[in-house]
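Breakdown of the fold
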Amino acid sequence: MIGEFSLISKYFTKDVKDQRLVKGIGDDCALLSLSNDELLAITTDTLNENIHFFKDEDPFFLGYKSLLVNVSDLASMGALPKYYTLSITLPNSDEEFLDKFSKGLFSLSDKLNMALIGGNTSKGPLSITIEAFGTIKKGYEYLREKANNNDNIYITNTLGVAALFVDAKYNKININKESLDYTHKKAMLMEDRCAFSCALNSYVHSAIDISDGLIGDLKHILELSNKGANLDLSNFIFDDVFALNAITKDKALDYALYGGGDYELLFLVNDQNENKVLDIAKKHNLLIQKIGKITDKKDLIINFNNNRLDIKKAFEHF
Ligand code: ADP
Ligand code: MG
């Protein structure tokens, strides 16, 4: 069977000749030229029951996350969120569900000043697809292909909690009830990184959102930029929930590196702009962690407490 990214490349990627198309398939958003100085960023993402969320998920959480996963792609391009469409497939017209779902959805779009401008409603197994649109000043877009030798690799916040929640729900790992509620919230109501990302506009040229695990998503940047990376995770900060449940650092690191669903931002900054970025993070009251450097040598090297780690296969749907 063919893998997720191979199938997109083999069956759905064609050359497009269109003067307005600045970026087609291959980055977190497509980019269209709107005018001499403005780009339109477009992205879409689907959440399916039993694949992206558990049956009987809180509808408020679901509404929020359906939009969050899309604005996360806008943030990873440096785009300011503007509009979205909602295509929803519902098993029935349960108004209690719809009331809560719409409240969750609008709690995020109102915060970001985004307008719902269209969509589609149909019947079937619960599935939500949103398409989101944002704008970027030309030249300020963050591209996966723009990594430079010696760039510092940063991530926002901590990683791995969303994947810990999924494993706990499947009884693959034991965590206490309080931690289950905590990880559930972190897996569904994660903060958006839009304001922080836009504030980095003059200082960052390459970024990606971490939706499929740190290693898998970093690899997209490395492949498209023809670069490698040297990571040292010895000082990596983990969410307290791992220690609270006596989960070893090795195991926590596995969640952080390969667990999906965090929707944090990975971005690159050169030495010259590093202090400016640290100031911006402070102003946004946001933890950011330096995890390593980009290298011209195309290897991906990961060190943890003076040991070089083996690299595992990253998550793909197929
Ligand atoms: P992300 O997770 O950041 O939304 P993906 O890794 O899912 O992006 O997709 C990689 C790239 O492939 C993106 O540019 C996306 O738009 C594109 N893509 C994914 N599925 C399809 C498809 N069925 N047809 C065309 N392009 C696709
Ligand atoms: Mg993405």
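Report on the accompanying structure. These figures come from a predicted structure and were not determined experimentally. (Residues numbered from 1 in each chain as written. Chains lettered and ligands numbered in written order. Predicted model: local features only at pLDDT ≥ 70, side-chain atom pairs only at ≥ 80, totals over all residues. Heavy atoms only, no water.)

**Quick word on the sheet that holds strand β8 (residues 206–210)**
Strand order in the open sheet formed by seven strands is β8-β10-β7-β11-β9-β12-β13, with mixed pairing between adjacent strands. Looking at which strands have only one partner, the edges of the open sheet turn out to be β8 and β13 (307–308). When strand β12 (residues 300–304) meets β13, the two strands line up antiparallel, connected through two bridges. Opposite N303, over in β13, you have R308 as the bridge partner. Seen against the sheet, helix α7 (residues 214–225) touches β7 (152–156), β8, β9 (228–232), β10 (264–269), β11 (288–295) and β12 and runs at an angle of roughly 155° to β8. (Pairing = 2+ DSSP bridges. Helix = DSSP H or I, 4+ residues; strand = E, 2+ residues; numbered from the N terminus. Contact = heavy atoms within 4.5 Å. Axes fitted to C-alpha atoms, helices over the stretch in contact; angles between N-to-C directions.)

**A word on the coordination of the magnesium ion (ligand 2)**
For the magnesium ion (ligand 2), the full set of protein donor atoms is D28 (OD), D73 (OD) and D209 (OD), at a range of 2.0 to 2.1 Å. Spacing between the donor residues of the magnesium ion (ligand 2) along their common chain follows D-x44-D-x135-D. On the criterion of sequence distance, the pair formed by D73 in helix α2 (residues 59–77) and D209 in strand β8 is long-range, its members being 136 residues apart. With relative accessibility at 1%, the residue D209 sits in the buried group. (Donors = N, O, S within 2.8 Å, 3.2 Å for Na, K, Ca; no water. Buried < 20%, exposed > 50% of the residue type's maximum accessible area, 1.4 Å probe, protein only.)

**Re the packing of α2 against helix α5 (residues 177–188)**
Across the interface, α2 lies against α5 with an axial gap of 9 Å and an inter-helix angle of 40°. Accordingly, the angle class assigned to the pair α2 and α5 is oblique. Residues F61, L62, Y64 and K65 of α2 touch α5, and the partners they reach there are H184, K185, A187 and M188. A class-by-class count of the residues in the contact of α2 with α5 yields five nonpolar, one polar and two charged. (Parallel < 35°, antiparallel > 145°, perpendicular 65-115°, else oblique. Nonpolar A, V, L, I, M, F, W, Y, C, P; charged D, E, K, R; others polar.)

**Considering the site of ligand 1**
Lining the immediate environment of ligand 1, one finds F5, I8, F12, I25, G26, D27, D28, D45, D73, R144 and S211. One nitrogen or oxygen atom from the main chain of G26 is found 2.8 Å from an oxygen atom belonging to ligand 1. Contact distances for ligand 1 include 2.7 Å between an oxygen atom and a backbone N or O atom of D27. Relative to its unbound accessible surface of 560 Å², ligand 1 loses 66% to contact with the protein. (Near = heavy atom within 4 Å. Polar contact = N/O pair within 3.5 Å; in protein donor to acceptor, adjacent residues only side chain to side chain. Areas by Shrake-Rupley, 256 points an atom, 1.4 Å probe, with all protein chains shown as cover.)

**Some thoughts on the pattern of salt bridges**
Tallied over the full model, the rule gives 16 salt bridges. Of the charged contacts in the structure, one is a salt bridge between K17 and D15, with a shortest N-O distance of 3.9 Å. A salt bridge links E96 to K100; its shortest N-O distance comes to 3.2 Å. With E96 and K100 both in helix α3 (residues 95–111) and four residues apart, the pair spans about one turn of that helix. With a relative accessible area of 55%, E96 lands in the exposed category. Here the salt bridges share partners, and the residues they tie into one network are D27, D28 and R144. (Salt bridge = Lys/Arg side-chain N within 4 Å of Asp/Glu carboxyl O.)

**Some words on the nonpolar core**
Within the largest apolar cluster, 38 residues are counted, with the highest numbers of intra-cluster contacts made by I153, L231, F242 and L266. Per-element tally for this core: the top contributor is helix α9 (residues 249–258), with six residues. In this view, I153 contacts L218, A229, L231, L266, F267, L268, Q289, K290, I291, G292, K293 and I294; residues no more than four positions away in its chain are not counted. (Core = buried A, V, L, I, M, F, W, Y, C linked by side-chain atoms within 4.5 Å.)

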